[in-house]
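Per-entry structural report
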Amino acid sequence: MDAHLEIFKTYLQKKVSITDEQFNLIAVHLKVKSFEKNEMILMKGDVSSQGFFVSTGLLRSYSIDSKGKTHIIQFAPEQWWLSERNGLLFNEPSDFFIDSVEVTKAVIMTKDFMNEAAKHVTCMNDLNNKMLNNAIRFMQKRINMLLSATAEERYLNFITLYPNLTLRVPQWMIASYLGITPESLSRVRKDLAHKHFRT
């Protein structure tokens, strides 16, 4: 079996009760795809019919406003999921872009994957519901941070959520995710350094 499917299988087996034989049954609905660094995966306005489980590498979703400013919505490092739900669930055009920040290998699943998988492994329905609830919770926390948290609080939350990304992405991307300027992020990092906080 492909090494990246093995990673996905191990991930699933930590989440739900699924045997190797059951995984082999649902693996026929999966494929592994490689993306070069900075490869565009989804354009705004396209209708997405795929979800991505990152095996190695890093993806991001983002929007670009009328002034050309980038707003990063989410990063997806190893063992994170990323999808554009407008297309995946409602067959509507995407509001966001998705691209690869690093060379990436991802397990690709279609919009029908969970339904097909649940025919063989009923607990996949529970996993799907849990993932949906986690996505809602993630976005609620993200909105609350952007509305009410200080720049320092946002940065501390970022390094808790993405502990290995500060050395993998440029500072402007982190600032974009936090909703602050790169200059403000530099000040936050300096202030934390003065407080003997290791970043």
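The coordinates are above.
Described below are features of the structure shown in this document. Predicted, not measured: the structure shown is a model, and the values here were computed from it.

**Details of the sheet that holds strand S7 (residues 97-100)**
The strand order across the open sheet built from four strands is S2-S7-S4-S5, with neighbouring strands paired in antiparallel fashion. The outermost strands of the open sheet, each flanked by one partner alone, are strand S2 (40-42) and strand S5 (70-76). Neighbour to neighbour, the strand axes of the sheet diverge by 30 degrees on average, direction disregarded. Here strand S4 (residues 59-64) pairs with S7 via four bridges, running antiparallel. For Ser61, the partnering residue across the bridge sits in S7 and is Ile98.

**A look at the sheet that holds strand S8 (residues 104-110)**
Read across the sheet, four strands follow the order S1-S8-S3-S6 without closing on themselves; strand pairing throughout is antiparallel. With one partner strand each, in any of the chains shown, strand S1 (30-35) and strand S6 (81-83) form the two edges of the open sheet. Strand-to-strand, the axes of this sheet are offset by a mean angle of 30 degrees, without reference to chain direction.

**Structural notes on the nonpolar core**
Phe8, Leu12, Ile26, Phe113 and Met124 are the most contacted members of the largest nonpolar core, which has 23 residues in total. At the level of elements, helix H1 (3-15), helix H2 (20-26), S8, helix H4 (113-120) and helix H5 (124-148) are the ones that each hand at least two residues to this core. Beyond its immediate stretch of four places on either side in the chain, Leu12 contacts Ile18, Phe23, Ile26, Met124 and Leu127. Phe97, Phe158, Ile174 and Tyr177 belong to the second largest nonpolar core, which has 22 residues in total.

**Some remarks on a nonpolar patch on the surface**
The grouping of Leu89, Phe90, Leu132 and Ile136 at the surface amounts to a nonpolar patch, some 380 Å² of accessible area in total. Of all the secondary structure elements, the ones that give two or more residues to the nonpolar patch are helix H3 (85-90) and H5.

Calculation notes
- Residues numbered from 1 in each chain as written.
- Predicted model: local features only at pLDDT ≥ 70, side-chain atom pairs only at ≥ 80, totals over all residues.
- Heavy atoms only, no water.
- Pairing = 2+ DSSP bridges.
- Helix = DSSP H or I, 4+ residues; strand = E, 2+ residues; numbered from the N terminus.
- Axes fitted to C-alpha atoms, helices over the stretch in contact; angles between N-to-C directions.
- Core = buried A, V, L, I, M, F, W, Y, C linked by side-chain atoms within 4.5 Å.
- Buried < 20%, exposed > 50% of the residue type's maximum accessible area, 1.4 Å probe, protein only.
- Contact = heavy atoms within 4.5 Å.
- Patch = residues over 30% accessible without salt bridge, like charges linked within 9 Å, V, L, I, M, F, W, Y side chains within 5 Å.
- Areas by Shrake-Rupley, 256 points an atom, 1.4 Å probe, with all protein chains shown as cover.
- Salt bridge = Lys/Arg side-chain N within 4 Å of Asp/Glu carboxyl O.

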